[in-house]
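Spelled out, the chains give:
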Amino acid sequence: MKFTLSWLKDHLDTQASLQEVVDTLTRIGLEVDTVHDPAAALAAFRVAHVVSAEQHPDADRLRVCTVDTGAGTVQVVCGAPNARAGMKGVFAPSGSYIPGLDVTLKPTKIRGVESNGMLVSEREMGLSDAHEGIIDLPEDAEIGRPFAEVLGLDDPVIDVELTPNRPDCTGVRGIARDLAAAGLGTLKPFAMAEPVAGSYDSPVRWAIAADGNACPYVVGRHFRGVTNRPSPKWAQDRLRAIGLRPISALVDVTNYVSIDLGRPLHVFDAGKIGTTLTMRRARDGEPFHALVGDDYELTSAMTVIGDGDTAEALAGVMGGLASSCLPETTEVFLEVALFDPLSVAATGRALQIDSDARYRFERGVDPESADWGAEVAARLILEFCGGEASRPVAAGTRPDPTRRIALRPDRVRTLGGADIAVGEQVGILERLGFGVARAEDGIVATPPSWRPDVHGEADLVEEITRIWGFDRIPAVSLVYDGAVPMPALTPAQRRTGAVRRTLAAPGR
(Lines give C-alpha, C1' and ligand atoms only; values in the text may rest on other atoms or scores of the structure.)
Protein backbone atom coordinates (compact mmCIF):
# COMPACT_ATOMS: atom_id res chain seq x y z
CA MET A 1 0.00 0.00 0.00
CA LYS A 2 1.79 3.12 -1.28
CA PHE A 3 1.00 6.74 -0.52
CA THR A 4 2.84 10.04 -0.28
CA LEU A 5 3.36 12.08 2.86
CA SER A 6 1.26 14.98 1.54
CA TRP A 7 -1.53 12.56 0.59
CA LEU A 8 -1.56 11.23 4.15
CA LYS A 9 -1.85 14.79 5.44
CA ASP A 10 -5.04 15.25 3.40
CA HIS A 11 -6.62 13.06 6.06
CA LEU A 12 -4.34 13.57 9.05
CA ASP A 13 -3.81 16.95 10.68
CA THR A 14 -0.27 16.56 12.01
CA GLN A 15 3.07 18.31 12.28
CA ALA A 16 4.90 14.98 12.57
CA SER A 17 8.06 14.48 10.54
CA LEU A 18 8.46 11.71 7.98
CA GLN A 19 10.58 9.72 10.43
CA GLU A 20 7.96 10.07 13.18
CA VAL A 21 5.27 8.82 10.81
CA VAL A 22 7.39 5.84 9.76
CA ASP A 23 8.33 4.96 13.34
CA THR A 24 4.72 5.17 14.52
CA LEU A 25 3.41 3.04 11.67
CA THR A 26 5.86 0.28 12.54
CA ARG A 27 5.09 0.59 16.25
CA ILE A 28 1.34 0.07 15.74
CA GLY A 29 1.73 -2.96 13.51
CA LEU A 30 1.73 -1.40 10.03
CA GLU A 31 5.12 -2.49 8.79
CA VAL A 32 6.85 0.04 6.56
CA ASP A 33 8.55 -1.79 3.71
CA THR A 34 10.27 1.13 1.99
CA VAL A 35 10.44 4.92 2.03
CA HIS A 36 11.37 6.45 -1.31
CA ASP A 37 12.37 10.06 -1.72
CA PRO A 38 12.10 10.78 -5.47
CA ALA A 39 13.69 14.19 -5.00
CA ALA A 40 16.98 12.49 -4.15
CA ALA A 41 16.88 10.33 -7.30
CA LEU A 42 16.07 13.38 -9.45
CA ALA A 43 18.40 15.82 -7.69
CA ALA A 44 20.66 16.27 -10.72
CA PHE A 45 17.83 17.41 -13.01
CA ARG A 46 17.29 21.17 -13.08
CA VAL A 47 15.17 23.76 -14.82
CA ALA A 48 17.15 25.26 -17.69
CA HIS A 49 16.66 28.04 -20.24
CA VAL A 50 17.45 27.44 -23.90
CA VAL A 51 19.25 30.66 -24.83
CA SER A 52 19.70 29.71 -28.49
CA ALA A 53 18.94 26.77 -30.78
CA GLU A 54 20.91 26.74 -34.03
CA GLN A 55 20.73 24.24 -36.88
CA HIS A 56 23.39 21.51 -36.63
CA PRO A 57 25.89 21.97 -39.49
CA ASP A 58 25.80 18.30 -40.51
CA ALA A 59 22.35 17.03 -39.47
CA ASP A 60 18.95 18.38 -40.57
CA ARG A 61 17.09 17.05 -37.51
CA LEU A 62 19.53 18.21 -34.86
CA ARG A 63 19.93 21.57 -33.16
CA VAL A 64 22.89 22.94 -31.26
CA CYS A 65 21.49 24.56 -28.14
CA THR A 66 23.12 26.94 -25.69
CA VAL A 67 21.57 26.15 -22.33
CA ASP A 68 21.59 28.29 -19.18
CA THR A 69 21.46 25.82 -16.27
CA GLY A 70 21.51 28.41 -13.52
CA ALA A 71 25.09 27.45 -12.71
CA GLY A 72 26.51 28.43 -16.10
CA THR A 73 25.93 27.77 -19.79
CA VAL A 74 26.59 24.53 -21.66
CA GLN A 75 26.27 23.33 -25.24
CA VAL A 76 23.78 20.53 -25.90
CA VAL A 77 22.99 18.83 -29.19
CA CYS A 78 19.26 18.05 -29.23
CA GLY A 79 17.06 16.18 -31.71
CA ALA A 80 13.67 17.04 -30.20
CA PRO A 81 11.34 18.77 -32.68
CA ASN A 82 10.16 21.27 -30.03
CA ALA A 83 13.64 22.41 -28.98
CA ARG A 84 13.74 26.17 -29.54
CA ALA A 85 15.27 29.37 -28.27
CA GLY A 86 13.51 30.90 -25.27
CA MET A 87 11.91 27.73 -23.91
CA LYS A 88 12.35 26.32 -20.41
CA GLY A 89 13.26 22.65 -20.25
CA VAL A 90 14.81 20.05 -17.97
CA PHE A 91 18.57 19.70 -18.13
CA ALA A 92 20.47 16.52 -17.21
CA PRO A 93 24.22 17.22 -16.74
CA SER A 94 27.05 14.90 -17.72
CA GLY A 95 27.47 12.25 -15.03
CA SER A 96 23.75 11.97 -14.29
CA TYR A 97 21.79 8.73 -14.69
CA ILE A 98 18.87 8.77 -17.15
CA PRO A 99 16.34 6.21 -15.82
CA GLY A 100 14.26 5.94 -19.00
CA LEU A 101 17.35 5.11 -21.07
CA ASP A 102 19.29 3.25 -18.39
CA VAL A 103 22.44 5.19 -19.24
CA THR A 104 24.80 7.53 -17.44
CA LEU A 105 25.62 10.61 -19.46
CA LYS A 106 29.14 11.61 -20.39
CA PRO A 107 30.53 14.39 -22.61
CA THR A 108 30.40 13.38 -26.24
CA LYS A 109 30.45 14.57 -29.83
CA ILE A 110 27.37 14.19 -32.00
CA ARG A 111 28.13 14.43 -35.73
CA GLY A 112 31.29 16.33 -34.88
CA VAL A 113 29.73 18.84 -32.43
CA GLU A 114 30.41 18.69 -28.68
CA SER A 115 27.45 17.98 -26.41
CA ASN A 116 27.51 18.14 -22.61
CA GLY A 117 24.41 16.73 -20.97
CA MET A 118 20.95 16.64 -22.50
CA LEU A 119 17.49 18.16 -22.49
CA VAL A 120 15.15 15.31 -21.53
CA SER A 121 11.66 14.06 -22.35
CA GLU A 122 9.18 12.57 -19.86
CA ARG A 123 9.98 9.05 -21.08
CA GLU A 124 13.70 9.61 -20.61
CA MET A 125 12.93 10.71 -17.05
CA GLY A 126 10.84 7.58 -16.50
CA LEU A 127 7.72 9.65 -15.83
CA SER A 128 5.50 8.58 -18.74
CA ASP A 129 5.58 7.22 -22.30
CA ALA A 130 5.65 10.72 -23.82
CA HIS A 131 8.71 11.11 -26.04
CA GLU A 132 7.53 13.27 -28.95
CA GLY A 133 9.59 16.15 -27.58
CA ILE A 134 11.53 17.39 -24.59
CA ILE A 135 9.71 18.61 -21.48
CA ASP A 136 8.38 22.11 -22.07
CA LEU A 137 8.03 23.98 -18.78
CA PRO A 138 6.07 27.20 -18.09
CA GLU A 139 7.85 30.47 -18.78
CA ASP A 140 7.89 31.38 -15.08
CA ALA A 141 9.79 28.22 -14.07
CA GLU A 142 12.83 29.31 -12.07
CA ILE A 143 16.14 28.56 -13.80
CA GLY A 144 18.30 26.19 -11.76
CA ARG A 145 15.45 25.03 -9.55
CA PRO A 146 15.30 21.25 -8.94
CA PHE A 147 12.89 19.73 -11.44
CA ALA A 148 11.41 17.46 -8.75
CA GLU A 149 10.08 20.52 -6.93
CA VAL A 150 8.55 22.01 -10.09
CA LEU A 151 6.66 18.81 -10.93
CA GLY A 152 5.72 18.07 -7.32
CA LEU A 153 7.89 14.97 -7.22
CA ASP A 154 9.61 15.93 -3.97
CA ASP A 155 6.95 14.17 -1.91
CA PRO A 156 8.28 11.08 -0.03
CA VAL A 157 6.51 7.81 -0.89
CA ILE A 158 5.78 5.38 1.95
CA ASP A 159 5.11 1.72 1.17
CA VAL A 160 3.35 -0.26 3.92
CA GLU A 161 3.37 -4.06 3.76
CA LEU A 162 -0.18 -4.83 4.91
CA THR A 163 -1.15 -8.08 6.55
CA PRO A 164 -4.31 -9.66 5.06
CA ASN A 165 -6.36 -8.87 8.19
CA ARG A 166 -6.22 -5.09 7.74
CA PRO A 167 -8.63 -4.24 4.89
CA ASP A 168 -9.28 -0.85 6.47
CA CYS A 169 -5.72 0.20 5.71
CA THR A 170 -5.91 -0.43 1.96
CA GLY A 171 -6.83 3.25 1.77
CA VAL A 172 -4.86 6.29 2.89
CA ARG A 173 -7.68 7.36 5.21
CA GLY A 174 -7.53 4.10 7.15
CA ILE A 175 -3.81 4.55 7.77
CA ALA A 176 -4.43 8.13 8.87
CA ARG A 177 -7.10 6.88 11.28
CA ASP A 178 -4.66 4.47 12.92
CA LEU A 179 -2.00 7.18 13.27
CA ALA A 180 -4.52 9.56 14.81
CA ALA A 181 -5.56 6.85 17.28
CA ALA A 182 -1.89 6.46 18.22
CA GLY A 183 -1.68 10.17 19.03
CA LEU A 184 0.20 11.39 15.95
CA GLY A 185 -2.41 13.95 14.95
CA THR A 186 -6.12 14.43 14.39
CA LEU A 187 -8.22 12.68 11.77
CA LYS A 188 -9.81 15.27 9.48
CA PRO A 189 -13.58 15.18 8.77
CA PHE A 190 -14.74 13.01 5.86
CA ALA A 191 -16.42 15.69 3.76
CA MET A 192 -16.29 13.99 0.35
CA ALA A 193 -19.18 11.66 1.17
CA GLU A 194 -21.78 14.44 1.34
CA PRO A 195 -24.69 13.53 -0.99
CA VAL A 196 -24.57 14.78 -4.59
CA ALA A 197 -27.99 15.77 -5.92
CA GLY A 198 -28.98 13.97 -9.12
CA SER A 199 -30.95 15.79 -11.79
CA TYR A 200 -32.57 12.89 -13.68
CA ASP A 201 -33.43 9.18 -13.45
CA SER A 202 -30.71 6.78 -14.57
CA PRO A 203 -31.46 5.07 -17.90
CA VAL A 204 -29.40 2.08 -16.71
CA ARG A 205 -30.63 -0.18 -13.89
CA TRP A 206 -29.14 -2.91 -11.73
CA ALA A 207 -30.39 -6.46 -11.26
CA ILE A 208 -29.01 -9.26 -9.07
CA ALA A 209 -29.83 -12.77 -10.25
CA ALA A 210 -31.10 -15.29 -7.71
CA ASP A 211 -28.35 -17.79 -8.54
CA GLY A 212 -26.08 -17.54 -5.50
CA ASN A 213 -23.65 -15.08 -7.09
CA ALA A 214 -21.11 -13.14 -5.02
CA CYS A 215 -22.87 -9.74 -4.99
CA PRO A 216 -25.33 -8.90 -2.19
CA TYR A 217 -25.60 -5.17 -2.96
CA VAL A 218 -24.67 -2.70 -5.70
CA VAL A 219 -25.14 1.02 -6.27
CA GLY A 220 -24.83 2.91 -9.56
CA ARG A 221 -25.14 6.36 -11.10
CA HIS A 222 -25.42 7.51 -14.69
CA PHE A 223 -23.58 10.60 -15.95
CA ARG A 224 -24.20 12.46 -19.19
CA GLY A 225 -22.45 15.29 -20.96
CA VAL A 226 -19.05 14.40 -19.52
CA THR A 227 -15.71 15.20 -21.14
CA ASN A 228 -13.13 12.49 -20.55
CA ARG A 229 -10.20 14.89 -20.56
CA PRO A 230 -6.91 14.38 -18.69
CA SER A 231 -7.43 14.52 -14.94
CA PRO A 232 -6.14 17.53 -12.96
CA LYS A 233 -2.39 17.78 -12.48
CA TRP A 234 -2.59 17.21 -8.72
CA ALA A 235 -4.38 13.89 -9.24
CA GLN A 236 -1.97 12.80 -11.96
CA ASP A 237 1.02 13.71 -9.79
CA ARG A 238 -0.25 11.61 -6.90
CA LEU A 239 -1.05 8.58 -9.02
CA ARG A 240 2.27 8.83 -10.81
CA ALA A 241 4.14 9.14 -7.50
CA ILE A 242 2.89 5.73 -6.34
CA GLY A 243 3.54 4.03 -9.67
CA LEU A 244 0.13 4.32 -11.36
CA ARG A 245 0.04 5.74 -14.87
CA PRO A 246 -2.61 8.44 -15.37
CA ILE A 247 -4.93 7.38 -18.21
CA SER A 248 -7.96 9.68 -18.37
CA ALA A 249 -10.14 11.55 -15.91
CA LEU A 250 -12.75 8.79 -15.64
CA VAL A 251 -10.24 6.00 -15.10
CA ASP A 252 -8.12 8.14 -12.78
CA VAL A 253 -11.16 8.78 -10.55
CA THR A 254 -11.58 5.05 -9.97
CA ASN A 255 -7.89 4.57 -9.20
CA TYR A 256 -7.76 7.60 -6.93
CA VAL A 257 -10.76 6.60 -4.80
CA SER A 258 -9.43 3.05 -4.53
CA ILE A 259 -6.11 4.26 -3.09
CA ASP A 260 -7.48 7.19 -1.12
CA LEU A 261 -10.37 5.41 0.58
CA GLY A 262 -9.88 1.70 -0.10
CA ARG A 263 -13.07 1.72 -2.21
CA PRO A 264 -12.74 0.03 -5.64
CA LEU A 265 -14.98 1.39 -8.40
CA HIS A 266 -15.67 0.69 -12.05
CA VAL A 267 -17.04 2.88 -14.84
CA PHE A 268 -18.75 1.63 -18.01
CA ASP A 269 -19.16 3.62 -21.19
CA ALA A 270 -22.95 3.86 -21.00
CA GLY A 271 -23.20 4.15 -24.76
CA LYS A 272 -21.81 0.62 -25.10
CA ILE A 273 -24.19 -1.20 -22.71
CA GLY A 274 -27.91 -1.88 -22.51
CA THR A 275 -30.43 -0.60 -20.00
CA THR A 276 -29.90 -3.34 -17.40
CA LEU A 277 -26.69 -4.72 -15.92
CA THR A 278 -27.05 -7.97 -14.00
CA MET A 279 -24.90 -9.48 -11.30
CA ARG A 280 -24.94 -13.21 -12.09
CA ARG A 281 -22.89 -16.37 -12.13
CA ALA A 282 -20.85 -16.95 -15.26
CA ARG A 283 -21.62 -19.89 -17.51
CA ASP A 284 -19.07 -22.69 -17.77
CA GLY A 285 -16.86 -21.83 -20.72
CA GLU A 286 -18.20 -18.27 -21.03
CA PRO A 287 -15.63 -15.99 -22.70
CA PHE A 288 -14.42 -12.74 -21.16
CA HIS A 289 -12.23 -10.15 -22.89
CA ALA A 290 -10.51 -8.21 -20.11
CA LEU A 291 -9.51 -4.58 -19.94
CA VAL A 292 -5.85 -5.54 -20.27
CA GLY A 293 -6.58 -7.21 -23.61
CA ASP A 294 -6.37 -10.84 -22.47
CA ASP A 295 -9.08 -13.45 -23.07
CA TYR A 296 -10.34 -15.79 -20.33
CA GLU A 297 -12.66 -18.75 -20.10
CA LEU A 298 -14.92 -18.54 -17.06
CA THR A 299 -16.65 -21.09 -14.85
CA SER A 300 -19.97 -21.07 -13.03
CA ALA A 301 -18.13 -20.52 -9.72
CA MET A 302 -17.33 -16.97 -10.86
CA THR A 303 -19.51 -13.85 -10.76
CA VAL A 304 -19.76 -11.46 -13.68
CA ILE A 305 -21.53 -8.19 -14.43
CA GLY A 306 -23.57 -9.17 -17.43
CA ASP A 307 -25.22 -7.17 -20.20
CA GLY A 308 -27.60 -9.76 -21.56
CA ASP A 309 -25.46 -12.75 -22.53
CA THR A 310 -22.22 -10.75 -22.49
CA ALA A 311 -19.88 -10.62 -19.50
CA GLU A 312 -18.94 -6.92 -19.29
CA ALA A 313 -16.84 -7.25 -16.11
CA LEU A 314 -15.41 -9.92 -13.84
CA ALA A 315 -16.89 -9.04 -10.46
CA GLY A 316 -14.35 -7.58 -8.05
CA VAL A 317 -11.40 -8.40 -10.29
CA MET A 318 -11.37 -6.53 -13.61
CA GLY A 319 -13.54 -4.71 -16.13
CA GLY A 320 -14.02 -5.69 -19.76
CA LEU A 321 -12.47 -4.00 -22.78
CA ALA A 322 -15.65 -3.69 -24.85
CA SER A 323 -17.41 -1.29 -22.46
CA SER A 324 -14.32 0.60 -21.28
CA CYS A 325 -14.22 4.40 -21.23
CA LEU A 326 -12.23 6.12 -23.98
CA PRO A 327 -11.39 9.79 -24.65
CA GLU A 328 -14.57 10.14 -26.73
CA THR A 329 -16.83 8.79 -23.96
CA THR A 330 -19.64 11.22 -23.05
CA GLU A 331 -21.99 8.93 -21.05
CA VAL A 332 -20.88 6.88 -18.06
CA PHE A 333 -22.44 4.34 -15.72
CA LEU A 334 -20.72 3.97 -12.35
CA GLU A 335 -20.59 0.67 -10.44
CA VAL A 336 -20.02 0.61 -6.67
CA ALA A 337 -20.58 -2.95 -5.48
CA LEU A 338 -19.99 -5.34 -2.62
CA PHE A 339 -18.57 -8.79 -3.39
CA ASP A 340 -17.88 -11.85 -1.31
CA PRO A 341 -14.15 -11.79 -0.46
CA LEU A 342 -13.63 -15.55 -0.81
CA SER A 343 -15.29 -15.62 -4.24
CA VAL A 344 -13.15 -12.74 -5.50
CA ALA A 345 -9.98 -14.37 -4.18
CA ALA A 346 -10.85 -17.72 -5.77
CA THR A 347 -11.67 -16.13 -9.13
CA GLY A 348 -8.50 -14.06 -9.22
CA ARG A 349 -6.38 -17.05 -8.23
CA ALA A 350 -8.01 -19.37 -10.78
CA LEU A 351 -7.48 -16.92 -13.64
CA GLN A 352 -4.16 -15.62 -12.30
CA ILE A 353 -5.32 -12.01 -12.44
CA ASP A 354 -3.86 -9.53 -9.97
CA SER A 355 -5.49 -6.12 -9.75
CA ASP A 356 -5.92 -3.32 -7.23
CA ALA A 357 -9.63 -4.14 -7.06
CA ARG A 358 -8.98 -7.78 -6.23
CA TYR A 359 -6.39 -6.78 -3.60
CA ARG A 360 -9.09 -4.84 -1.74
CA PHE A 361 -12.20 -6.93 -2.35
CA GLU A 362 -10.58 -10.20 -1.26
CA ARG A 363 -9.69 -8.56 2.08
CA GLY A 364 -13.18 -7.17 2.54
CA VAL A 365 -14.36 -3.60 1.90
CA ASP A 366 -16.51 -1.49 4.21
CA PRO A 367 -20.17 -2.43 3.46
CA GLU A 368 -21.21 1.19 3.98
CA SER A 369 -18.77 2.28 1.27
CA ALA A 370 -21.14 1.10 -1.46
CA ASP A 371 -23.33 4.10 -0.65
CA TRP A 372 -20.79 6.73 0.28
CA GLY A 373 -18.43 5.55 -2.48
CA ALA A 374 -21.06 6.47 -5.06
CA GLU A 375 -21.20 9.99 -3.63
CA VAL A 376 -17.41 10.43 -3.54
CA ALA A 377 -17.04 9.18 -7.11
CA ALA A 378 -19.91 11.38 -8.34
CA ARG A 379 -18.32 14.45 -6.82
CA LEU A 380 -14.96 13.74 -8.50
CA ILE A 381 -16.45 12.81 -11.89
CA LEU A 382 -18.39 16.08 -12.00
CA GLU A 383 -15.31 18.02 -10.87
CA PHE A 384 -12.96 16.38 -13.37
CA CYS A 385 -15.31 15.85 -16.34
CA GLY A 386 -18.26 18.20 -15.98
CA GLY A 387 -21.70 17.02 -17.08
CA GLU A 388 -24.54 16.03 -14.79
CA ALA A 389 -25.33 13.06 -12.56
CA SER A 390 -28.43 10.94 -12.27
CA ARG A 391 -30.06 9.97 -9.04
CA PRO A 392 -28.52 6.77 -7.58
CA VAL A 393 -29.90 3.33 -8.43
CA ALA A 394 -29.32 0.21 -6.35
CA ALA A 395 -30.16 -3.48 -6.12
CA GLY A 396 -29.95 -6.02 -3.33
CA THR A 397 -29.59 -5.44 0.39
CA ARG A 398 -26.57 -3.97 2.10
CA PRO A 399 -25.23 -6.39 4.72
CA ASP A 400 -25.43 -5.26 8.33
CA PRO A 401 -21.96 -5.74 9.85
CA THR A 402 -23.07 -4.82 13.38
CA ARG A 403 -21.80 -7.14 16.08
CA ARG A 404 -21.10 -6.66 19.77
CA ILE A 405 -18.10 -8.11 21.52
CA ALA A 406 -17.66 -8.34 25.27
CA LEU A 407 -14.27 -7.48 26.73
CA ARG A 408 -13.15 -8.20 30.27
CA PRO A 409 -10.67 -5.38 30.91
CA ASP A 410 -8.34 -7.66 32.86
CA ARG A 411 -7.79 -9.71 29.69
CA VAL A 412 -5.63 -6.90 28.33
CA ARG A 413 -3.20 -7.72 31.13
CA THR A 414 -3.52 -11.50 31.25
CA LEU A 415 -3.62 -12.02 27.49
CA GLY A 416 -1.78 -8.99 26.16
CA GLY A 417 0.71 -8.46 28.99
CA ALA A 418 -0.07 -4.75 29.30
CA ASP A 419 -1.47 -3.13 32.44
CA ILE A 420 -3.75 -0.48 30.89
CA ALA A 421 -6.42 1.39 32.80
CA VAL A 422 -10.01 0.73 31.74
CA GLY A 423 -10.56 4.37 30.77
CA GLU A 424 -7.55 4.25 28.46
CA GLN A 425 -8.77 1.01 26.90
CA VAL A 426 -12.11 2.69 26.15
CA GLY A 427 -10.37 5.77 24.72
CA ILE A 428 -8.22 3.72 22.34
CA LEU A 429 -11.19 1.78 21.00
CA GLU A 430 -13.22 4.97 20.52
CA ARG A 431 -10.36 6.64 18.64
CA LEU A 432 -10.27 3.62 16.32
CA GLY A 433 -13.97 4.11 15.57
CA PHE A 434 -15.43 1.43 17.86
CA GLY A 435 -18.65 2.02 19.69
CA VAL A 436 -18.03 1.35 23.39
CA ALA A 437 -20.48 0.83 26.24
CA ARG A 438 -19.70 0.01 29.86
CA ALA A 439 -21.21 -3.22 31.14
CA GLU A 440 -21.42 -4.68 34.62
CA ASP A 441 -18.56 -7.10 34.00
CA GLY A 442 -16.50 -4.93 31.65
CA ILE A 443 -16.87 -3.40 28.18
CA VAL A 444 -19.08 -4.12 25.18
CA ALA A 445 -17.47 -2.93 21.93
CA THR A 446 -19.12 -2.55 18.53
CA PRO A 447 -16.55 -2.72 15.70
CA PRO A 448 -16.96 -0.09 12.97
CA SER A 449 -18.15 -1.19 9.54
CA TRP A 450 -14.62 -0.94 8.13
CA ARG A 451 -13.21 -3.56 10.52
CA PRO A 452 -14.52 -6.96 9.34
CA ASP A 453 -11.39 -8.56 10.85
CA VAL A 454 -12.44 -7.96 14.48
CA HIS A 455 -14.53 -10.85 15.78
CA GLY A 456 -13.67 -11.67 19.39
CA GLU A 457 -12.23 -10.56 22.69
CA ALA A 458 -8.66 -11.40 21.68
CA ASP A 459 -9.00 -9.06 18.68
CA LEU A 460 -10.00 -6.21 20.98
CA VAL A 461 -7.00 -6.94 23.21
CA GLU A 462 -4.74 -6.76 20.17
CA GLU A 463 -6.22 -3.44 19.05
CA ILE A 464 -5.75 -1.89 22.47
CA THR A 465 -2.22 -3.16 23.02
CA ARG A 466 -0.90 -2.26 19.55
CA ILE A 467 -2.11 1.34 19.82
CA TRP A 468 -0.91 1.59 23.45
CA GLY A 469 2.41 0.24 22.22
CA PHE A 470 3.70 -3.32 21.85
CA ASP A 471 7.13 -1.90 22.63
CA ARG A 472 5.90 -0.84 26.09
CA ILE A 473 4.91 -4.37 27.12
CA PRO A 474 7.45 -5.69 29.65
CA ALA A 475 9.53 -8.60 28.39
CA VAL A 476 8.67 -11.78 30.31
CA SER A 477 10.38 -15.13 30.00
CA LEU A 478 8.08 -18.10 29.46
CA VAL A 479 10.81 -20.56 30.48
CA TYR A 480 10.61 -22.10 33.97
CA ASP A 481 14.07 -23.17 35.11
CA GLY A 482 12.93 -25.25 38.07
CA ALA A 483 15.07 -23.29 40.53
CA VAL A 484 12.12 -22.62 42.79
CA PRO A 485 8.87 -24.51 43.34
CA MET A 486 6.18 -23.77 40.74
CA PRO A 487 3.83 -21.22 42.30
CA ALA A 488 0.29 -22.44 42.73
CA LEU A 489 -2.27 -21.16 40.26
CA THR A 490 -5.79 -20.24 41.28
CA PRO A 491 -8.69 -21.92 39.47
CA ALA A 492 -9.33 -18.65 37.57
CA GLN A 493 -5.73 -18.52 36.42
CA ARG A 494 -5.87 -22.12 35.27
CA ARG A 495 -9.05 -21.40 33.30
CA THR A 496 -7.58 -18.36 31.54
CA GLY A 497 -4.17 -19.92 30.99
CA ALA A 498 -2.51 -16.92 32.66
CA VAL A 499 1.28 -16.92 32.78
CA ARG A 500 2.63 -15.63 36.08
CA ARG A 501 5.35 -13.07 35.82
CA THR A 502 6.67 -14.33 39.16
CA LEU A 503 8.31 -17.18 37.24
CA ALA A 504 10.72 -14.70 35.73
CA ALA A 505 10.97 -12.22 38.60
CA PRO A 506 14.47 -11.11 39.65
CA GLY A 507 16.13 -13.69 41.84
CA ARG A 508 13.94 -16.50 40.60
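Reference entry: report on the structure contained in this document.

What counts and what doesn't
- Residues numbered from 1 in each chain as written.
- Predicted model: local features only at pLDDT ≥ 70, side-chain atom pairs only at ≥ 80, totals over all residues.
- Heavy atoms only, no water.
- Pairing = 2+ DSSP bridges.
- Helix = DSSP H or I, 4+ residues; strand = E, 2+ residues; numbered from the N terminus.
- Salt bridge = Lys/Arg side-chain N within 4 Å of Asp/Glu carboxyl O.
- Buried < 20%, exposed > 50% of the residue type's maximum accessible area, 1.4 Å probe, protein only.
- Contact = heavy atoms within 4.5 Å.
- Phe/Tyr/Trp six-rings, centres within 6.5 Å; stacked < 30°, edge-to-face > 60°.
- Lys NZ or Arg CZ within 6 Å of the ring centre and 35° of its normal.
- Core = buried A, V, L, I, M, F, W, Y, C linked by side-chain atoms within 4.5 Å.
- Axes fitted to C-alpha atoms, helices over the stretch in contact; angles between N-to-C directions.
- Parallel < 35°, antiparallel > 145°, perpendicular 65-115°, else oblique.
- Nonpolar A, V, L, I, M, F, W, Y, C, P; charged D, E, K, R; others polar.
- Left-handed = near helix turned anticlockwise from the far one by under 90°.
- Lys, Arg positive; Asp, Glu negative; His and termini not counted.
- Polar contact = N/O pair within 3.5 Å; in protein donor to acceptor, adjacent residues only side chain to side chain.

Bringing the sheet that holds strand β6 (residues 73-78) into the picture now. One open sheet accounts for five strands, arranged β6-β5-β4-β7-β12; its pairing is antiparallel. One side of each edge strand has no neighbouring strand; the edge strands of this open sheet are β6 and β12 (118-119). In the sheet, strand β7 (residues 88-92) pairs with β12 via two bridges, with the strands oriented antiparallel. When the sheet's bridge partners are listed, F91 is paired in β12 with L119.

Before going further, it helps to examine the pattern of salt bridges. Within the structure shown, the criterion is met by 25 salt bridges. Salt-bridge contacts for E149 lead to R145; the nearest nitrogen and oxygen are separated by 3.2 Å. Classification of R145 by relative accessible area gives partly exposed; the value is 32%. Between R224 and E388 there is a salt bridge whose closest N-O contact spans 2.9 Å. Of the two residues, R224 sits in strand β16 (residues 217-224) while E388 sits in strand β25 (residues 388-389), which places them 164 residues apart along the sequence. What makes R224 partly exposed here is its relative accessible area of 34%. Given a relative accessible area of 31%, E388 falls into the partly exposed group. Each of R166, D168, D178, R451, D453, E463 and R466 takes part in salt bridges that share partners, so that together they form one network.

Here A207 lies in strand β15 (residues 205-208). Of the residues examined, A207 reaches a relative accessible area of 25% and is grouped as partly exposed. C-alpha separation for the pair A207 and A395, spaced 188 residues apart in sequence, amounts to 5.9 Å. Residues within four places of A207 in sequence aside, it is in contact with T276, L277, T278, M279 and A395.

Unusually for a residue other than glycine, D102 sits at a positive phi of about 55°. Structurally, D102 is set in the loop between β8 (97-98) and β9 (103-104).

Right, let's get into the pairing of strand β4 (residues 46-55). On any regular strand, side chains alternate: one points to one face of the sheet, the next to the other face. Bridge analysis of β4 against β7 gives four bridges, and the strand direction is antiparallel. The partner of A48 across the bridge, within β7, is G89. Where β4 meets strand β5 (residues 63-68), six bridges bridge the pair, whose relative direction is antiparallel. Bridging across to β5, E54 finds its partner in V64.

Here we take up the side chain of T254. Relative to the helices and strands, T254 is located in helix α8 (residues 249-261). T254 has contacts with L265, H266 and V267, leaving out every residue within four places of it along the chain.

What follows deals with helix α6 (residues 172-181). Along an α-helix, residues three or four positions apart point the same way, because every turn accommodates 3.6 residues. Within α6, 10 of the 10 residues are buried, which leaves the element mostly enclosed by the surrounding structure. Among all positions in α6, only V172, R173, G174, I175, A176, R177, D178, L179, A180 and A181 are buried. After α6 finishes, the residue G183 shows a positive phi value of roughly 90°.

Turning next to the packing of aromatic side chains. In total, this model carries six aromatic pairs according to the counting rule given. The interplanar angle of 90° and the centroid separation of 5.2 Å between the aromatic rings of F190 and W372 together place this pair among those described as edge-to-face. With a gap of 182 residues between them, F190 in the loop between β14 (186-187) and β15 and W372 in helix α11 (residues 369-385) connect regions that are remote in the sequence. With relative accessibility at 28%, the residue F190 sits in the partly exposed group. Ring-pair connections join several aromatic residues into one group, and the members of that group are W7, W234, Y256 and F384. Here the guanidinium or amino end of R224 rests over the ring plane of Y200, the centre of that ring lying 3.7 Å away.

The next thing to look at is the nonpolar core. One finds L8, L25, W206 and L298 to be the most contacted residues of the largest nonpolar core, which totals 111 residues. Counting residues per element, this core draws most heavily on α11, at 10 residues. With 18 residues, the next largest nonpolar core counts V90, I98, V120 and L153 among its residues.

Here the focus is the packing of helix α13 (residues 422-431) against helix α14 (residues 457-468). Relative to each other, α13 and α14 sit at 95°, their axes nearing to 10 Å. Classified by the angle between their axes, α13 and α14 sit roughly perpendicular to one another. In contact with E424, Q425, I428, L429 and R431 of α13, α14 contributes L460, E463, I464, I467 and W468. Tallied by class, residues from the contact of α13 with α14 come to six nonpolar, one polar and three charged.

Close contact between α8 and α11 brings their axes to 10 Å; oriented N to C, the two are set at 140°. Our classification of the angle between α8 and α11 gives oblique. Considering only the axes of α8 and α11, their crossing is right-handed. Residues A249, L250, V253, Y256, V257 and L261 of α8 form the contact with α11, whose participating residues are W372, V376, A377, L380, I381, F384 and C385. When grouped by side-chain class, the residues that make up the contact of α8 with α11 number 13 nonpolar, no polar and no charged.

Before going further, it helps to spend a moment on the sheet that holds strand β13 (residues 157-160). Note: strands within a sheet are paired through backbone hydrogen bonds, in either parallel or antiparallel orientation. Taken in spatial order, the three strands line up as β1-β13-β3 in an open sheet, and their pairing is antiparallel. With one partner strand each, in any of the chains shown, β1 (2-4) and β3 (32-36) form the two edges of the open sheet. Each neighbouring strand pair of the sheet contributes to a mean axis angle of 20°, computed without reference to strand direction. Note: β3 against β13, four bridges, orientation antiparallel. By the bridge assignment, V35 is partnered in β13 with I158.

Along the polypeptide, D366 turns up in the loop between α10 (356-361) and α11. Buried D366, no salt bridge; nearest opposite-charge side chain is R177, N-O distance 6.6 Å. There is a polar contact of 2.7 Å between the side chain of D366 and the side chain of S449. Excluding its chain neighbours within four sequence positions, the residues that come into contact with D366 are L338, W372, S449 and W450.

Keep in mind these values describe shape, not function.
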